[in-house]
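Tertiary structure, described
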Amino acid sequence: MTTPTLILHGSNDERVPIGQPLELFRALKDRGKTVELVFYPREGHGLTEYYHLRDRLERIHEWVTRYTLGGAGKKTTSP
């Protein structure tokens, strides 16, 4: 696996046990791959809280910008 990987996971997900994203993250990290893992507290398999949804969209946008468009991927803040 060579593609930079962003793992976004709800900490209360009952469909995908919390150990699975941790195992994937650790396996990729141990092999020197580009990987980031983010847990969203109180969230299940799908995100529902406004700020978590917003954060997810911002992270995805930054990740795609950084690794496909070659941008800086800097986090922007709104006024």
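These remarks concern the structure in this document.

Rules of the game
Residues numbered from 1 in each chain as written. Predicted model: local features only at pLDDT ≥ 70, side-chain atom pairs only at ≥ 80, totals over all residues. Heavy atoms only, no water. Salt bridge = Lys/Arg side-chain N within 4 Å of Asp/Glu carboxyl O. Buried < 20%, exposed > 50% of the residue type's maximum accessible area, 1.4 Å probe, protein only. Pairing = 2+ DSSP bridges. Helix = DSSP H or I, 4+ residues; strand = E, 2+ residues; numbered from the N terminus. Right-handed = clockwise from strand over helix to strand, strands pointing away.

1. Side note on the pattern of salt bridges
Tallying each qualifying case throughout the model produces five salt bridges. Among the salt bridges present, the one from E49 reaches R42, with a minimum N-O distance of 2.8 Å. Judged by relative accessible area, R42 falls into the exposed class, the value being 55%. Where salt bridges share partners, they join E36, D55 and R59 into one cluster.

2. Thoughts on the pairing of strand β1 (residues 5-10)
Where β1 lies against strand β2 (residues 35-40), six bridges are found, and the strand directions are parallel. The residue of β2 that forms the bridge with G10 is Y40. As for the winding sense of the linkage, the β-α-β connection from β1 through helix α1 (residues 19-30) to β2 is right-handed.

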